[in-house]
Amino acid sequence: MVDLEAIGRRAKTAARALAKLSTEQKNAALCAIADGLLARQEEILTANAADVADAEKAGTPPAIVDRMLLTPVRLAAIAGDCRQVASLPDPVGEIFDRRELPSGLRLYKRRVPIGVIGAIYEARPNVTVDIASLCLKAGNAVVLRGGSDIARSVAATTEVIALALEQAGLPSFAVQSITDPDRELVRQLLRLDRYVDMIIPRGGAGLHRFCVENATVPVIVGGMGISHIYVEPSADFTRAVPVIVNAKVQRPGACNALDTLLVHRAAAPTFLPLVAAALAQHGVELRCDLEALAILADAPGHEAWNLKPASPTDFGCEFLALIVAIKIVGSIDEALDHIALYGGHSEAILTGDPISAERFTREVDATAVFVNASTRFNDGGQFGLGAEVAISTNRLHARGPMGLQELTTYTWIGEGDYLVRA
């Protein structure tokens, strides 16, 4: 029987030890984990093969099975990512916002670990190492709860991590996993606020909703939301088309992939056929409002395009597939209103007008806003953070890609010369 209280106590104790470690000690542990993953590759891949075989027998869709699958190449990449985290700057101990007050108090902030992170995720065994390595580098202990479909993979990987931590002189309980499939344990973890300081879910909308509705621990919600690109008449149409194709096609199952294309009415007759032809080459289904549909249905070559009338729900849908909704708007105001209603994740404007660009970036409320760039850049690696544990859509604590700095908080430090308050 899983004793979550004991897991929480061990994690809290480990977190106190991790907070005192030097950067060199943490980096050595991360490199030991990378070495351990490769040294015990056969053990991990055997456990993963059993998970994959069960998933295939259960009729799991091939795309999900592929997410679950570990191979020697993928495991080597995971180990490489772990070494990459070791090479990143350590945020812990950073001193910032120095000031001296009229009272004589010298005040500053020091960056410190959050403490204990609870990570709940679905069919991606690589997340086990991704989150563990980032949490460790930021000085946090972590309790992992992977999906029941990858339980063997998570258990084998966590065992390797624990052994590597012990060999590096770190508490082995700094990374623990819950592999029992009982869903009630997830609910209990969400309420373990005596020991756990933050929950990070990685998965679909159902998982995020379950966490928010059942947690007493603060939850970082991320990875979900509608992404838009708005095209103005002043945009360079020739250069805009590849941006849209990239945003939709490069990785359609990603949370920052394009969902809805908004095109200014003055640009639509010329621009829409160009982008439709380009997207059709990649098999993208185009769900168009009536005005866009009328333009495209009369365009040369439309017989080869997968055109469909959009339903009202298409404009609030995160497709995660080769599908894009297309809507004609009469102004930037209409585009901003539409994004305010449906957006909030990754938003972009393609324009040659700096006034429109400035207005768009000021008025759009989203985790990231881009000017003349693909929404696919909303990513920790692309932002130069090295890696991420999630893309937060929260407004508090962290927003957008969560790298090492977002896995820390800070303490105010006040220094005086035996100072008393007047």
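Calculation criteria
- Residues numbered from 1 in each chain as written.
- Predicted model: local features only at pLDDT ≥ 70, side-chain atom pairs only at ≥ 80, totals over all residues.
- Heavy atoms only, no water.
- Phe/Tyr/Trp six-rings, centres within 6.5 Å; stacked < 30°, edge-to-face > 60°.
- Helix = DSSP H or I, 4+ residues; strand = E, 2+ residues; numbered from the N terminus.
- Buried < 20%, exposed > 50% of the residue type's maximum accessible area, 1.4 Å probe, protein only.
- Lys NZ or Arg CZ within 6 Å of the ring centre and 35° of its normal.
- Disulfide = S-S within 2.5 Å.
- Pairing = 2+ DSSP bridges.
- Axes fitted to C-alpha atoms, helices over the stretch in contact; angles between N-to-C directions.
- Lys, Arg positive; Asp, Glu negative; His and termini not counted.
- Salt bridge = Lys/Arg side-chain N within 4 Å of Asp/Glu carboxyl O.
- Polar contact = N/O pair within 3.5 Å; in protein donor to acceptor, adjacent residues only side chain to side chain.
- Core = buried A, V, L, I, M, F, W, Y, C linked by side-chain atoms within 4.5 Å.
- Contact = heavy atoms within 4.5 Å.
- Parallel < 35°, antiparallel > 145°, perpendicular 65-115°, else oblique.
- Left-handed = near helix turned anticlockwise from the far one by under 90°.
- Nonpolar A, V, L, I, M, F, W, Y, C, P; charged D, E, K, R; others polar.

Draft legend 1. Structural context of the packing of aromatic side chains. Across all of its chains, the model carries 5 aromatic pairs by this definition. Between F237 and F271, the aromatic rings sit 5.1 Å apart at their centres with planes inclined by 55°, giving tilted as the arrangement. You can see F237 sitting in helix α10 (residues 237–249) and its partner F271 sitting in helix α11 (residues 268–280), a full 34 residues away along the chain. The exposure classification of F237 matches that of F271, with both residues buried. Their ring planes at 80° and their centres at 6.4 Å tell us that Y410 and W412 sit as a pair that is edge-to-face. On the accessibility criterion, Y410 (37% relative accessible area) is partly exposed. Within the aromatic cluster, the residues linked to one another by ring pairs are F96, Y410 and W412. Over the ring of F173 we find R10; its NZ or CZ atom is 4.6 Å from the centre of that ring. The ring of Y108 carries the charged tip of R98 above its face, separated from the ring centre by 5.1 Å.

Draft legend 2. Highlighting the state of the cysteines. Taken as a whole and judged by the stated rule, the model has 0 disulfides. For the unlinked cysteine C135, the closest cysteine sulfur is that of C82, found at 12 Å. In this structure C288 is a free cysteine whose sulfur lies 15 Å from that of C317, the closest cysteine sulfur available.

Draft legend 3. Spatial organisation of the sheet that holds strand β16 (residues 408–415). Read from one edge of the open sheet, 3 strands run β1-β2-β16, paired in antiparallel fashion. Each having just a single partner strand, β1 (95–100) and β16 make up the two edges of the open sheet. Across this sheet, the average inter-strand angle for adjacent strands is 20°, counted without regard to direction. Note: strand β2 (residues 106–113) against β16, 8 bridges, orientation antiparallel. Counted as the bridge partner of R106 is E415 from β16.

Draft legend 4. Spotlight on the side chain of E232. Relative to the helices and strands, E232 is located in the loop between β7 (228–231) and α10. Within the buried set, E232 has no salt-bridge partner at all; the shortest N-O distance to an opposite charge, 7.8 Å, is to R359. A distance of 3.2 Å separates a polar atom in the side chain of E232 from a polar atom in the side chain of Y230. Of note is the side chain of E232, whose polar atom sits 2.7 Å from the side chain of T351.

Draft legend 5. Quick peek at the nonpolar core. In terms of nonpolar packing, the biggest core is built from 82 residues, with I33, V142, L165 and I200 touching the most fellow members. By residue number, the principal contributor to this core is helix α6 (residues 126–137), which donates 7 residues. Setting aside chain neighbours within four positions, we find V142 in contact with I117, A119, I131, A132, C135, A174, V175 and Q176. Formed by 37 residues, the second largest nonpolar core is a distinct cluster that contains A267, V275, C288 and A368.

Draft legend 6. Inspection of the packing of helix α2 (residues 23–39) against α6 at higher detail. It is at 9 Å that the axes of α2 and α6 come closest, and there the two elements cross at 165°. Between α2 and α6, the angle is such that the two are roughly antiparallel. Where α2 crosses over α6, the two elements pack in a sense that is right-handed. Here T23, K26, N27, L30, I33 and L37 of α2 come into contact with α6, specifically with V129, S133, L136 and K137. In terms of residue class, the contact of α2 with α6 is built from 5 nonpolar, 3 polar and 2 charged.

Draft legend 7. How the structure looks around the pattern of salt bridges. A full pass over the atoms with the stated rule returns 21 salt bridges. For D35, the salt bridge is made with R83, and the minimal N-O distance between the two is 2.3 Å. Of the two residues, D35 is situated in helix α2 and R83 in helix α5 (residues 72–87); the sequence distance between them amounts to 48 residues. Across the salt bridge formed by R40 and E43, the nearest N and O atoms sit 2.6 Å from each other. A relative accessible area of 36% places E43 in the partly exposed class.

Draft legend 8. Highlighting the packing of α2 against α5. Put simply, α2 and α5 touch, their axes get as near as 8 Å, and they point 175° apart. On the basis of their axis angle, the class for α2 and α5 is roughly antiparallel. The segment α2 lies against α5, with N27, L30, C31, I33, A34, D35, L37 and L38 engaging L75, A76, I78, A79, C82, R83, V85 and A86.

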